[in-house]
Amino acid sequence: MIPIDCYRERRLHLASRMERGVAVIPTAPERVRNRDAHYSYRFDSYFYYLTGFREPEAVLVIVAGGVAEPARHILFCRDKNPEREIWDGFRYGPQAAQETFGLDEAFPLDRLEALLPGLLADQPAVYCSLGYEAGWDARVMGWINQVRQQARGGVTAPSSIHDVRPLLDEMRLIKSEEEIAIMRRAGEISGGAHRRAMRAVRPGMSEYEVEAELLHEFRRHGAQAPAYTSIVAGGANACVLHYVENDARLNAGDLLLVDAGCELDGYASDITRTFPVNGHFSSAQKDLYQLVLAAQAAAIEAVRPGNPWDAPHEAALRVLVQGFIDAGLCRGSVDAVVQSEDYKRFFMHRTGHWLGLDVHDAGDYKREGQWRPLQPGMTLTVEPGCYVRPADDVPPHFWNIGIRIEDDVAVTSAGCEILTPAAPKTVGDIEELMRERDRSITREYGYG
Ligand code: GLY
Ligand code: MN
Ligand code: MN
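Residues numbered from 1 in each chain as written. Chains lettered and ligands numbered in written order. Predicted model: local features only at pLDDT ≥ 70, side-chain atom pairs only at ≥ 80, totals over all residues. Heavy atoms only, no water.

Examining the coordination of the manganese ion (ligand 3)
When a metal holds four donors in a tetrahedron, each ideal angle between them is 109.5 degrees; when it holds six in an octahedron, the ideal angles are 90 or 180 degrees. Distances from the manganese ion (ligand 3) to its protein donors, D259 (OD), D259 (OD), D270 (OD) and E406 (OE), fall at 2.0 to 2.4 Å. Its 6 donor atoms give the manganese ion (ligand 3) angles of 56 to 170° at the centre, a pattern that matches the irregular case. Summarised as a motif, the one-chain spacing of the donors to the manganese ion (ligand 3) is D-x10-D-x135-E. Between the two metal centres, the manganese ion (ligand 3) and the manganese ion (ligand 2), the spacing is 3.3 Å, with D270 acting as a shared donor. Residue D259 is located in strand β11 (residues 255-260), and its partner D270 is located in the loop between β13 (267-268) and β14 (271-276); the two are separated by 11 residues in the primary sequence. Overall, the relative accessible area of 7% leaves D259 in the buried class. On the accessibility criterion, D270 (4% relative accessible area) is buried. (Donors = N, O, S within 2.8 Å, 3.2 Å for Na, K, Ca; no water. Tetrahedral: all angles 85-135°; square planar, octahedral: opposite > 155°, others 65-115°. Helix = DSSP H or I, 4+ residues; strand = E, 2+ residues; numbered from the N terminus. Buried < 20%, exposed > 50% of the residue type's maximum accessible area, 1.4 Å probe, protein only.)

As structure tokens, then:
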């Protein structure tokens with residue numbers, strides 16, 4: 001739980017970075033799925049980061065008065081509506097929202113058009129999510145033009161428009177203890193879901209049956225949604241990086257790659273585990289699995305403050321490339337294969353990304369052309385992989401093996417904390433968990 005004061009502090013911090021001007025930050029629109037049925041609603045991450053307010057149809061306005069005047073934090077939101085609340089449920093309405101979420105002022109959303117030009121009068125700049133939504137860009141220009149029309153009355157209009165997101169991205173990049181606590185809990189729930197998937201899987205099942213186990217575990221612990229569409233990919237499907245059909249049969253002898261994480265109170269977790277459908281890694285599967293696991297260990301070791309963003313990727317890459325050479329997948333020296341990028345046939349993505357309110361979270365990876373140094377409070381994934389498609393020059397026993405191992409980590413002053421330790425990942429621990437499952441089935445049903 002993020003204390004309400006934290007949202008105010010974030011808004012004050014943003015106002016101090018803006019110096020003077022007005023920020024206008026809408027939440028996400030509701031989206032129609034078909035006719036009058038909507039997609040499940042998810043607020044905008046920037047708006048939520050500054051307010052904690054989850055309802056649709058809301059806009060935050062921050063008027064930064066510079067050093068002379070305190071910033072004003074104004075929320076526009078849906079009015080109370082007893083009729084709609086019978087159908088759609090509770091809405092705060094401006095008065096309760098102002099009190100509950102610690103705003104200075106709050107108005108019904110339909111006052112936005114009338115009040116915004118006045119708020120922009122004599123302000124030097126507007127900050128908004130420039131270019132994000134054409135409709136919003138046009139509205140902002142419309143308000144500025146209305147202020148311009150008052151020029152003969154001595155009113156000046158904002159002369160610059162800035163993208164507010166780079167300021168917020170930098171703030172979002174460093175997580176507070178409270179944010180990390182939520183991400184730790186999200187990681188715990190998702191780790192439990194991966195354990196459940198390992199216990200549930202049987203040859204002959206469909207991928208969607210395993211997906212159902214994951215979703216069940218997310219929701220039963222109060223996570224609001226999956227943080228992204230779960231990937232449940234058996235056998236060759238694991239070599240399709242964004243496979244989401246999840247409708248194929250699972251075969252004994254194949255590996256199952258599961259990339260799934262829940263979203264809890266807005267924060268994403270993102271875990272991948274790869275395990276054998278029948279509970280036992282074959283020798284070729286084990287060889288590649290141990291390689292990816294060693295690459296992940298090297299990458300996690302490189303997650304420490306002061307190391308550049310790229311250090312975990314470089315560490316994982318060198319381990320993977322040496323393994324690809326040893327396995328006969330690549331030829332030449334490690335340096336030569338890294339240089340020629342021949343490894344990209346088998347490892348074509350990077351080793352991680354920022355993680356937070358968005359699964360691929362906000363924040364630049366480079367500063368002035370250089371990978372930025374890791375700092376305590378940054379949260380990221382570490383997810384090396386290996387995907388082998390059939391080809392004449394590839395040993396056939398590796399064909400169609402796809403493996404990824406992904407954990408979430410927070411940079412600490414001493415190194416990093418793994419936020420997703422609940423999901424087993426050594427060959428021994430996975431096979432042990434899957435053996436336990438077989439034993440419990442024998443006990444329960446008298447067959448094994
Ligand atoms: N699940 C998305 C990713 O791993 O980046
Ligand atoms: Mn990821
Ligand atoms: Mn993932």
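Things to note about the side chain of Q123
Checked against the element boundaries, Q123 lands in the loop between α5 (112-120) and β7 (125-128). Engagement of the side chain of Q123 in a polar contact is seen with the backbone nitrogen of G21, the distance being 3.4 Å. Setting aside its immediate chain neighbours within four residues, Q123 contacts R20, G21, V22, V63, A64, T156, A157 and P158. (Polar contact = N/O pair within 3.5 Å; in protein donor to acceptor, adjacent residues only side chain to side chain. Contact = heavy atoms within 4.5 Å.)

Thoughts on the coordination of the manganese ion (ligand 2)
Ligation of the manganese ion (ligand 2) by protein atoms is provided by D270 (OD), H353 (NE2), E383 (OE) and E406 (OE), these donors lying 2.0 to 2.2 Å from the ion. For the manganese ion (ligand 2), the 6 donor atoms are set out with angles of 51 to 155° between them, so the coordination reads as irregular. Donor residues for the manganese ion (ligand 2), ordered by position in the chain, follow D-x82-H-x29-E-x22-E. With relative accessibility at 8%, the residue E383 sits in the buried group.

Quick look at the environment of R17
Mapped onto the secondary structure, R17 falls in helix α1 (residues 4-18). Using a relative accessible area of 39% as the deciding quantity, one classes R17 as partly exposed. Residues R17 and D335, spaced 318 residues apart in sequence, show a C-alpha to C-alpha distance of 44 Å.

A short note on the site of ligand 1
Lining the immediate environment of ligand 1, one finds Y228, D259, D270, H353, H360, E383 and E406. Within the side chain of D270, a nitrogen or oxygen atom sits 3.1 Å from a nitrogen atom of ligand 1. Taking 190 Å² as the accessible area of ligand 1 by itself, protein coverage stands at 83%. For the shell around ligand 1, the class distribution of residues is 1 nonpolar, 2 polar and 4 charged. (Near = heavy atom within 4 Å. Areas by Shrake-Rupley, 256 points an atom, 1.4 Å probe, with all protein chains shown as cover. Nonpolar A, V, L, I, M, F, W, Y, C, P; charged D, E, K, R; others polar.)

Points about the confidence of the model for the protein chain
Across the protein chain, pLDDT averages 96, with 98% of residues at or above 70. When the elements of the protein chain are averaged for pLDDT, helix α13 (residues 427-445) gives the smallest value, 84, and strand β20 (residues 407-411) the largest, 99. (pLDDT = per-residue confidence, 0-100.)

Comments concerning the sheet that holds strand β12 (residues 262-264)
Pairing is antiparallel in the open sheet, where 3 strands are placed in the order β9-β12-β13. Two strands lie at the open edges of the sheet, namely β9 (225-226) and β13, each paired on one side alone. The pairing of β12 with β13 spans 2 bridges and is antiparallel. Within the sheet, the bridge partner assigned to E263 lies in β13 and is A268. Along the sheet face, helix α8 (residues 177-200) touches β12 and β13 and points at about 145° away from the line of β12. (Pairing = 2+ DSSP bridges. Axes fitted to C-alpha atoms, helices over the stretch in contact; angles between N-to-C directions.)

Observations regarding the pattern of salt bridges
Throughout the structure, instances matching the rule amount to 33 salt bridges. With its nearest N and O atoms 2.8 Å apart, the salt bridge here joins E263 to R42. With E263 in strand β12 and R42 in the loop between β3 (37-38) and α2 (45-51), the pair connects residues that are 221 residues apart, well separated along the chain. The class of R42 is partly exposed, set by a relative accessible area of 24%. Taking the shortest distance from any N to any O, the salt bridge between R139 and E113 comes out at 2.5 Å. Residue R139 is found in helix α6 (residues 134-148), and its partner E113 is found in helix α5; the two are separated by 26 residues along the sequence. Residue classification places R139 among the partly exposed positions, given a relative accessible area of 32%. Put simply, R172, K175, D358 and D361 are held in one network by salt bridges that share partners. (Salt bridge = Lys/Arg side-chain N within 4 Å of Asp/Glu carboxyl O.)

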